[in-house]
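Reading the structure
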Amino acid sequence: MLTDFTPWPDATAQRYRAAGYWQGETFSGWLHGLAARFGERVAVVDGARRWSYAALNEAASRTAGAFEDLGVSRGDRVVVQLPNIGEFLPIVLGLFRLGALPVFTLPSHRRAEIGHIAAATDAVAYVHPGVWERFDHHRLADEVRPLAPSLRHVVTPADLADGKPFDGTDVSAGDVAFLQLSGGSTGLPKLIPRTHDDYLYSIRASAEICRLSSDTVYLVALPIAHNFTMSSPGVLGVLHAGGRVVTCPAPSPAVAFPLIAAERVTMTALVPPLAMVWLDSAASSDADLSSLQLLQVGGARLSDEAAARVEPVLGCALQQVFGMAEGLVNYTRPDDPPALVVGTQGRPISPDDEIRIVDASDREVPAGEVGHLLTRGPYTIRGYYRAPEHNAVAFTADGFYRTGDLVRQLPSGHLVVEGRAKDQINRGGEKIAAEEVENQLLAHPAVLDASVVAVPDPVLGERTCAYLILRPAAPSLTAGQVRAFVRSRGLAAYKIPDRVEFVDAFPQTAVGKISKARLRRREGLS
Ligand code: OOB
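The following paragraphs examine the structure supplied in this document. (Residues numbered from 1 in each chain as written. Predicted model: local features only at pLDDT ≥ 70, side-chain atom pairs only at ≥ 80, totals over all residues.)

Turning our eyes to something else, we now look at the overall build of the chain. Each helix and strand counted, the chain has 17 helices and 26 strands in total. Along the longest, intermediate and shortest principal axes, the C-alpha atoms of the chain span 70 × 55 × 55 Å. In the chain, buried positions account for 51% of the 526 residues. Once local pairs closer than 6 in sequence are excluded, the contacts in the chain between residues at least 24 apart make up 69%. (Helix = DSSP H or I, 4+ residues; strand = E, 2+ residues; numbered from the N terminus. Buried ≥ 20, exposed ≤ 12 C-beta atoms within 10 Å, placed from the backbone. Contact = placed C-beta atoms within 7 Å.)

Here it is, written out as structure tokens:
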């Protein structure tokens, strides 16, 4: 059906089925199964609102019906931009049931991102929350429409509540279920096609590794549509185990701690900067965090010092998670010795996750040495959506994904993330492709050249710094004007350069390319 997707080779797919990773189940069938098993148990909590498993299944069918009434059908793409609200689940599960493909975006995305994503996927509909945190998505939708002529419908959750239940679908487990956004390192965000088979495998296996059960109560503190929050094991893993998902509108201790106490939350997932804020607040907070058993931290490297504080300060276990929306996810395991939990980013989910650690010429480095991480396996994609040229460089000829991460592997199989080779800034877990921001900066008439690099930050780990060379005759610019310009281009706030520096030249490498390494060290700037 969806042709813009690179399938696994037939023999490999057969092997994954024979091994039981791919079970031929669709999300729709999976949800029916959950409703049958867990019926009236609470599945989702949003403030005072609660959905049982049966109600979630019913609401998904109604959402599917509402989309069908709009004329959305199997294979259509639907841009979903929703915050952490209960409706996220029936809407997404409803789209899965219909066989339409949600395209996940973050609440912070703006005209540039939503416009590009809607256009690149020929999306027929855009689902947004209306006015959320004083931002008017109706206006954003008006700005996006001219950029994406395929968009026929702009809807909010309230528009989707009263459909007549839809349940007949011929979706198959090998179909693409949704498109997820890549952190990216090139000019425009790339889209990641994930199938029912591969994603459900990662969810089942993650739920088992993390020892989830129907007693698990999971707080959704990070953006719900992120791969970490969705499937590692995330909301879908928790539903798979019959547990309870509690949506949290903001990840700050002031919002999250009272919810943990009130709902007796047992686990949650954070990025390192938030984990550090929680650690600093827990000591002085009078909220009862005693129900918390597990804190997962991932998305960016957690320092060994912060890792060591989790258990003593929060009174719960730590799990490090090193994953990527393209597939591969690594976890430290509940029974790992403390040194591995504190000092590594875990080991892969699957015995069939293949790991290669190579040098710049794709030759394997000696065991234990740092190199580029390449991977393939039963839930790692073989190609981005509609991106043949990028795929030729992002994947090896034999189908390994080039993660762009620099890692070393311990004899136990655990990986330690030592750095990054991709041209990306990891701003506290939020990924920024340098080239995307550079291209926006180059659109300014006074800018001759632009280079965006990561600079170390004690809280976020990294922040962005834009180095600019202005045109000789151009009037001078201030950093504030540059930032305002990038904002006016419709880019998400997290991509707006934290710092702007004006220079006369960029340091160069031996072959005459801009040396970002030297820029980061601020060498050779005149
Ligand atoms: C997760 O997914 P993405 O797609 O936003 O970002 C993936 C990249 C990785 O390639 C790596 O560069 C970085 O984020 N990363 C980490 C890390 N976890 C992710 N770097 C160091 N230490 C870690 N623990 O970020 C993601 C997806 C699923 C689960 C968890 C995280």
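With mixed pairing, 3 strands are arranged side by side in an open sheet as β24-β25-β26. Strands at the two margins of the open sheet, each flanked by one partner only, are β24 (447-457) and β26 (499-502). Mean inter-strand twist for the sheet, computed between neighbouring axes without regard to direction, equals 25°. As paired elements, strand β25 (residues 461-470) and β26 share 4 bridges and run parallel to each other. Considered in β26, the bridge of Tyr467 is made with Glu501. In the packing of helix α15 (residues 434-442) onto the sheet, the strands contacted are β24 and β25, and the crossing angle to β24 comes to about 140°. (Pairing = 2+ DSSP bridges. Axes fitted to C-alpha atoms, helices over the stretch in contact; angles between N-to-C directions.)

A separate point is α15. Turning to α15, its buried residues are Ala434, Glu436, Val437, Glu438, Gln440 and Leu441. Residues of α15 that are buried make contact with β22 (424-427), β23 (430-433), β24, β25 and α16 (479-488).

Among the 22 residues in the neighbourhood of the ligand, the closest are listed as Phe228, Phe322, Gly323, Met324 and Ala325. Of all the secondary-structure elements, those providing two or more residues to the shell around the ligand are α8 (227-231), β15 (317-324), β20 (401-409) and β21 (415-420). Here the shell around the ligand takes 5 residues from β15, the largest share from any one element. Its residues assigned to classes, the shell around the ligand comprises 8 nonpolar, 10 polar and 4 charged. (Near = placed C-beta within 6 Å. Nonpolar A, V, L, I, M, F, W, Y, C, P; charged D, E, K, R; others polar.)

A separate point is the sheet that holds strand β12 (residues 244-247). The strand order across the open sheet built from 9 strands is β2-β1-β12-β11-β13-β14-β15-β16-β17, with neighbouring strands paired in mixed fashion. If you trace the sheet from one side to the other, it starts and ends with β2 (49-52) and β17 (347-348), each paired once.

On to helix α10 (residues 253-263). Taken as a whole, α10 has its buried residues at Pro253, Ala256, Phe257, Leu259 and Ile260. Buried residues in α10, looked at end-on, bunch into an arc of 165°, giving them a common side. Away from its buried face by more than 90 degrees, α10 exposes Ala254 and Val255. Those residues of α10 that are buried are in contact with β11 (217-220), β12 and α11 (272-282). Trailing α10 by a residue or two, Arg264 shows a phi angle of about 55°, which is positive. (Arc of directions from axis to C-beta.)

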